[in-house]
Protein chains: 2
Amino acid sequence: MPQKNTPAGLDVSGPDPLYKQVEQRILQCLADGEWKPGEQLPTESQLAERFGVAVFTIRAGIGELAASNILVRKQGKGTFVARHSRLRQRYQFSHIHDAAGRQILPGRELLSFTKGTATAAEAARLGFPPDARTPVIRLAMISVDEGKTVATLDIVLPARLFGSLTAAAVRNAQENLYAAYQDECGVNVIRVEEHIHAALASAAEAKTLKIRTGSPVLRVERMAYTYRGLPVEFRTRVFDATQYHYRTVEGGI
Amino acid sequence: MPQKNTPAGLDVSGPDPLYKQVEQRILQCLADGEWKPGEQLPTESQLAERFGVAVFTIRAGIGELAASNILVRKQGKGTFVARHSRLRQRYQFSHIHDAAGRQILPGRELLSFTKGTATAAEAARLGFPPDARTPVIRLAMISVDEGKTVATLDIVLPARLFGSLTAAAVRNAQENLYAAYQDECGVNVIRVEEHIHAALASAAEAKTLKIRTGSPVLRVERMAYTYRGLPVEFRTRVFDATQYHYRTVEGGI
DNA sequence: TTCGATTTGTTCGTATGTATT
DNA sequence: TAATACATACGAACAAATCGA
């Protein structure tokens, strides 16, 4: 008998330690939608019984997912699937700051909500074959802060995942659009990658942002991913580089 | 007796749990230079005896510092103070990518190494009073990749911490300048904050980067910090935005 | 308001596995 | 091979937070 399998499928003699297998199993359940954003997971003892391991091992697995902001533990209540709060960002996903260093948390205004097919470039980014005419939803928006247009915001979403998204839901969404993705479509963004470019404002951008054509702008292209690296959103933000900049922090303590 | 103190000073009845106190004590030892970059810490059992707690508690404290890349644990060997490798970045501190998405890991060329006093703005960033005429070291460099000048790189260092730094040490430093800071001056960078601006190339920048004056550039201003939030370096990098861009990733798994 | 049941947080002791020297 | 050191795993106890009776 070269290996021992518990009924739950965890492999005691496998290459990965049990707590990492627990982590993967929980991630799989999340990807399968068994536990949706905001919902409570079974208690640690229940999970221990289900997976056939000690509570200690469950805690180690959950601990890693909590450190990654995938799960949230609340003493006395339980363990929950992390949500994007409606009122503030779960991550510091908004990196726009003004010249004084103050973080800008702008509101949004929806200009258009249209359905179409992905361009080859968009399909490639969203993980679809370039010639598949993948149905997408396009959102054209502007970011507004204290009455000023801070940035243009263009979003491309695969229609297959976001079929239930409506213009009204986008308009009603408060600070964080990703909360609407969760509530309306069950899509949970857990990772983003951004490419920051500098460019000169096009005539259209200049008009929207009320700046001069050819003045410097920052263009931020973001890919957002859900569980298991599945790409779910491509967005482009353009803003006046003479008024605003982009800020990041790296490293701990 | 409202509280109980072990001889090592850990407060059992304090507001913070023991493992967090262990974390703080270890951080203090690092800040005091008791264990220098690359050196081995006492074993977990020794630390447990020293602090008067169980090995489990020491492991919890060390675990948090290891997760922050402050310490490195090696099975069978011991726990070590993390180092900036000479050959590659400990963090993905280099965020410059080309149009094809390839990360640029450029070499450096030292143009000048001078000593002077901080401007008011520099003093403010480095945590000194603006009128103190704080002595600083200035490094003017260019980043070079495959024979091309990728970026200008200007660094300001407080002379008080970097008195032992020499132009030769900077020239000899391989990929990672922060390794030289460790080896030559015992300064360990553990956190950086970057502000990314877009601008139009000045005449001087254009000449160095071999681009046209007024073409778009990205200007990245970085503050680097060591233990306990002490600022130790201010650097500015400027590069051609038509060839290169800045990339970040956020979130887990 | 108080009390008790539930759930996670912290701490300890112990045993065994695995990498290093 | 043997000793050392960290990694994994289990069991147990109590603390702290939460919630409902």
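The structure presented is a predicted model; accordingly, all values stated were derived computationally and were not measured.

Some words on the sheet that holds strand 4 (residues 107-117) of chain A
Alright, step 1. Here we have 8 strands laid out as an open sheet, ordered 4(A)-5(A)-6(A)-9(A)-8(A)-7(A)-10(B)-3(B), and antiparallel in their pairing. Two strands in the sheet have a free side with no partner beyond their single neighbour: strand 4 of chain A together with strand 3 (96-98) of chain B. Each adjacent strand pair in this sheet contributes to an overall mean axis angle of 25°, direction not counted.
Alright, step 2. Sheet topology note: the strand 5 (residues 135-145) of chain A/strand 6 (residues 148-158) of chain A ladder contains 10 bridges and is antiparallel. Bridge pairing in strand 6 of chain A places A:Met141 opposite A:Leu153.
Alright, step 3. Seen against the sheet, helix 7 (residues 177-185) of chain A touches strand 4, strand 5, strand 6, strand 7 (191-200), strand 8 (216-225) and strand 9 (231-240) of chain A and runs at an angle of roughly 155° to strand 9 of chain A.

Observations regarding helix 7 (residues 177-185) of chain B
Residues and elements named next belong to chain B.
Alright, step 1. With 7 of 9 residues buried, helix 7 is to be regarded as a mostly interior element.
Alright, step 2. The N-terminus of helix 7 is capped by Asn-176, whose side-chain oxygen sits 2.8 Å from the backbone nitrogen of Tyr-178.
Alright, step 3. Remark: Gly-186 follows helix 7 within two positions and exhibits a positive phi of approximately 65°.

A word on the packing of helix 2 (residues 44-51) of chain B against helix 3 (residues 55-67) of chain B
Residue and element names in this part refer to chain B.
Alright, step 1. For the pair helix 2 and helix 3, the least separation of the axes is 8 Å and the interaxial angle reads 105°. Here helix 2 lies roughly perpendicular to helix 3, going by the angle between them. Residues Glu-44, Ser-45, Leu-47, Ala-48 and Phe-51 of helix 2 touch helix 3, and the partners they reach there are Val-55, Ile-58, Arg-59 and Ile-62.

Brief notes about the relation of the copies chain B and chain A
Alright, step 1. Aligned on chain A, chain B shows an RMSD of 0.1 Å; the corresponding rotation is 180° and the shift along the axis is 0.1 Å. Seen this way, the second copy is the image of the first under a two-fold rotation axis. Relative to the rotation axis, the closest C-alpha in chain B is found at B:Ala198, a distance of 2.7 Å.
Alright, step 2. In this assembly the copies share their binding face: 100% of the residues contributing to the interface of chain B also contribute to that of chain A.

What about the protein's contact with DNA strand D?
Alright, step 1. Every one of the 20 residues lining DNA strand D counts as a neighbour, but A:Leu18, A:Tyr19, A:Thr57, A:Gln75 and B:Arg59 are closest to it.
Alright, step 2. For DNA strand D, the fraction of protein-proximal atoms (within 4 Å) that sit in sugar or phosphate groups is 78%.
Alright, step 3. Between DNA strand D and A:Lys77 there is a distance of 3.2 Å, counted from a phosphate oxygen to a side-chain nitrogen or oxygen.
Alright, step 4. At 3.0 Å, a side-chain N or O of B:Arg59 approaches a phosphate oxygen of DNA strand D.
Alright, step 5. Looking at the surface near DNA strand D, the elements with two or more residues in it are helix 1 (18-31) and helix 3 (55-67) of chain A together with strand 1 (71-74) and strand 2 (78-81) of chain B.
Alright, step 6. When its residues are assigned to classes, the surface near DNA strand D shows 6 nonpolar, 8 polar and 6 charged.

Overview of the interface of chain B and chain A
Alright, step 1. Tallying the contact residues gives 34 residues for chain B and 34 residues for chain A.
Alright, step 2. Summing both partners gives a buried area of about 3000 Å² for chain B against chain A, and 57% of it is carried by carbon and sulfur.
Alright, step 3. Joining chain B to chain A, the criterion identifies 2 salt bridges.
Alright, step 4. Run the count over chain B and chain A and you get 14 residue pairs in polar contact (both at pLDDT 80 or more).
Alright, step 5. Elements represented by at least two residues in the side of chain B that touches chain A include exactly helix 1 (18-31), helix 3, strand 7 (191-200), strand 8 (216-225) and strand 10 (244-251) of chain B.
Alright, step 6. Of the residues in the side of chain B that touches chain A, the class split is 19 nonpolar, 9 polar and 6 charged.

Re the pattern of salt bridges
Residues and elements named next belong to chain B.
Alright, step 1. Tallied over the entire structure, the rule returns 26 salt bridges over all chains.
Alright, step 2. Linking Arg-59 and Glu-44 is a salt bridge whose minimum nitrogen-to-oxygen distance equals 2.8 Å. Separated by 15 residues along the polypeptide, Arg-59 in helix 3 and Glu-44 in helix 2 bring together distant segments of the chain.
Alright, step 3. For Arg-59, a relative accessible area of 41% puts it in the partly exposed group.
Alright, step 4. On the basis of relative accessibility, which here comes to 18%, the residue Glu-44 falls in the buried class.

Description of the protein's contact with DNA strand C
Alright, step 1. The environment of DNA strand C is made up of 20 residues, and the closest members are A:Gly76, B:Leu18, B:Tyr19, B:Phe56 and B:Thr57.
Alright, step 2. Each atom of DNA strand C within 4 Å of the protein was classed as base or backbone; sugar and phosphate made up 79%.
Alright, step 3. Within the backbone of B:Ala54, a nitrogen or oxygen atom sits 3.0 Å from a phosphate oxygen of DNA strand C.
Alright, step 4. Between a phosphate oxygen of DNA strand C and a side-chain N or O atom of B:Lys77, the distance comes to 3.3 Å.
Alright, step 5. Contributing elements (two or more residues each) for the surface near DNA strand C: strand 1 (71-74) and strand 2 (78-81) of chain A together with helix 1 and helix 3 of chain B.

Analysis parameters
Residues numbered from 1 in each chain as written. Chains lettered and ligands numbered in written order. Predicted model: local features only at pLDDT ≥ 70, side-chain atom pairs only at ≥ 80, totals over all residues. Heavy atoms only, no water. Pairing = 2+ DSSP bridges. Helix = DSSP H or I, 4+ residues; strand = E, 2+ residues; numbered from the N terminus. Axes fitted to C-alpha atoms, helices over the stretch in contact; angles between N-to-C directions. Contact = heavy atoms within 4.5 Å. Buried < 20%, exposed > 50% of the residue type's maximum accessible area, 1.4 Å probe, protein only. Polar contact = N/O pair within 3.5 Å; in protein donor to acceptor, adjacent residues only side chain to side chain. Parallel < 35°, antiparallel > 145°, perpendicular 65-115°, else oblique. Least-squares fit on C-alpha atoms with pLDDT ≥ 70 in both. Near = heavy atom within 4 Å. Nonpolar A, V, L, I, M, F, W, Y, C, P; charged D, E, K, R; others polar. Buried area = accessible area lost by both parts, 1.4 Å probe. Salt bridge = Lys/Arg side-chain N within 4 Å of Asp/Glu carboxyl O.

Function-wise, these values are silent; they only describe arrangement.
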